[in-house]
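# Remarks on the overall topology
Here's the letter readout for the chains.
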Amino acid sequence: MPCSGHLLTPSHSLSAQVFLPAKAESMPNSGRTVILLNLGLGGSHGIQTIITSASFTVPDNIYDIYISASGAGGGGGGGYSSSYSGSGGGGGASIYRQHFSVTPGTVLSVVIGSGGAGGSVGIAGYSGGATSVGSLFSLAGGGGGNPGISGAGGNSAGLPGGVGSVAGEDAFNNVPGSGGGNLLGVGGVKRAAAGGAGIYGGGGAGGYSGNAGGAGDDGVVIIEWER
């Protein structure tokens, strides 16, 4: 088994005679699905999605892998009193199907960043953690959103983690800010309640007046290869 830890599926094969323009992969116990375009290279296709820190062993005879990944999203800021809402958390940095040259049998340490918690009433959200794969790359998490304060909504949303991500949205008085997304996921939706949570490294939305901000989502790593 190429990977130890919490992963989506082992590997599976696709017929070289069948072209699949897109493929849906569901994360265990999460109700989430990611759509990945087929590489179109033919042959057998392996894919593993890792959602908690683990190790990945490069399969035999594999010299090229393609990785999609994201850092964790930042938490949304909490609302203040009954009139001022929090801003959204930033999305974690992300990459999509980036190519890496590898050596068969190499063991790669995969660290999955933890999503930032949403801020409680009047408190800023927390930053998301970084996701990394060995020495290949590290993707920073998104920043936490600012809370609503007396006389104003949160006016400084969470910063993006970096490449492939966007900042959260500022609040405007009692209208909370949405969370920022990235190449793989979306930010939490603003609503007249506690902020919505992000998905696939998206930032949490700010909390509506007097409500907590939404949590940023954990990072993810998706590794693919062709034989």
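Calculation rules
- Residues numbered from 1 in each chain as written.
- Predicted model: local features only at pLDDT ≥ 70, side-chain atom pairs only at ≥ 80, totals over all residues.
- Heavy atoms only, no water.
- Helix = DSSP H or I, 4+ residues; strand = E, 2+ residues; numbered from the N terminus.
- Buried < 20%, exposed > 50% of the residue type's maximum accessible area, 1.4 Å probe, protein only.
- Pairing = 2+ DSSP bridges.
- Polar contact = N/O pair within 3.5 Å; in protein donor to acceptor, adjacent residues only side chain to side chain.
- Axes fitted to C-alpha atoms, helices over the stretch in contact; angles between N-to-C directions.
- Phe/Tyr/Trp six-rings, centres within 6.5 Å; stacked < 30°, edge-to-face > 60°.
- pLDDT = per-residue confidence, 0-100.
- Contact = heavy atoms within 4.5 Å.
- Salt bridge = Lys/Arg side-chain N within 4 Å of Asp/Glu carboxyl O.

### Remarks on the environment of serine 55
Mapped onto the elements, serine 55 comes out in strand β5 (residues 54-57). Each C-alpha atom, one on serine 55 and one on valine 133, is 8.8 Å from the other, the two residues being 78 residues apart in sequence.

### Looking at the pairing of strand β8 (residues 107-111)
Along β8, the buried face is formed by Leu108 and Val110; none of Val107, Ser109 and Val111, which line the opposite face, is buried. When β8 meets strand β9 (residues 131-133), the two strands line up antiparallel, connected through 2 bridges. The residue of β9 that forms the bridge with valine 111 is serine 132.

### A few points about the side chain of histidine 45
Mapped onto the fold, histidine 45 is located in strand β4 (residues 45-50). Its relative accessible area of 2% is what places histidine 45 among the buried residues. A distance of 3.0 Å separates polar atoms of two side chains, one belonging to histidine 45 and the other to glutamate 224.

### Observations regarding the sheet that holds β4
Read from one edge of the open sheet, 4 strands run β4-β11-β6-β7, paired in antiparallel fashion. What marks the edges here is a single partner per strand, and that holds for β4 and β7 (94-101). In this sheet, adjacent strand axes meet at a mean angle of 15° when their direction is disregarded. Bridge analysis of strand β6 (residues 64-70) against β7 gives 6 bridges, and the strand direction is antiparallel. By the bridge assignment, isoleucine 67 is partnered in β7 with glutamine 98.

### Some details on the packing of aromatic side chains
Using the criterion set out here, one finds 2 aromatic pairs in the structure. Centroid distance phenylalanine 56 to tryptophan 225: 5.7 Å. Interplanar angle 55°. Geometry classified as tilted. Taken as a pair, phenylalanine 56 in strand β5 and tryptophan 225 in strand β11 (residues 220-226) lie far apart in primary sequence, 169 residues in all. The class for phenylalanine 56 is buried, based on a relative accessible area of 0%.

### Looking at the confidence of the model for the protein
Taken as a whole, the protein shows an average pLDDT of 83; of its residues, 79% reach a score of 70 or greater. Here residues 3-41 is modelled with pLDDT under 50, and outside its nearest four sequence neighbours on either side it reaches 95 contacts, counting other chains as well.

### Brief notes about the pattern of salt bridges
Scanning all chains against the criterion turns up 2 salt bridges. Close ionic contact of glutamate 224 with arginine 97 constitutes a salt bridge, the shortest N to O distance being 2.4 Å. Taken together, the residues glutamate 224 in strand β11 and arginine 97 in strand β7 connect sequence positions 127 residues apart. As a salt-bridge pair, lysine 190 and glutamate 169 come within 3.2 Å of each other at their nearest N and O atoms. One end of the pair, lysine 190, is in the loop between β10 (137-139) and β11; the other, glutamate 169, is in the loop between β10 and β11, and 21 residues separate them in sequence. Assessed through its relative accessible area of 32%, lysine 190 is described here as partly exposed. Look at glutamate 169 and you get partly exposed, because its relative accessible area is 33%.

### A short note on the environment of isoleucine 62
Mapped onto the secondary structure, isoleucine 62 falls in the loop between β5 and β6. Relative accessible area serves as the criterion here: at 1%, isoleucine 62 is assigned to the buried category. Sequence-wise, isoleucine 62 and glutamate 226 are 164 residues apart; in three dimensions their C-alpha atoms are separated by 7.6 Å. Aside from chain neighbours lying at most four places away, what touches isoleucine 62 is Val102, Thr103, Pro104, Trp225, Glu226 and Arg227.

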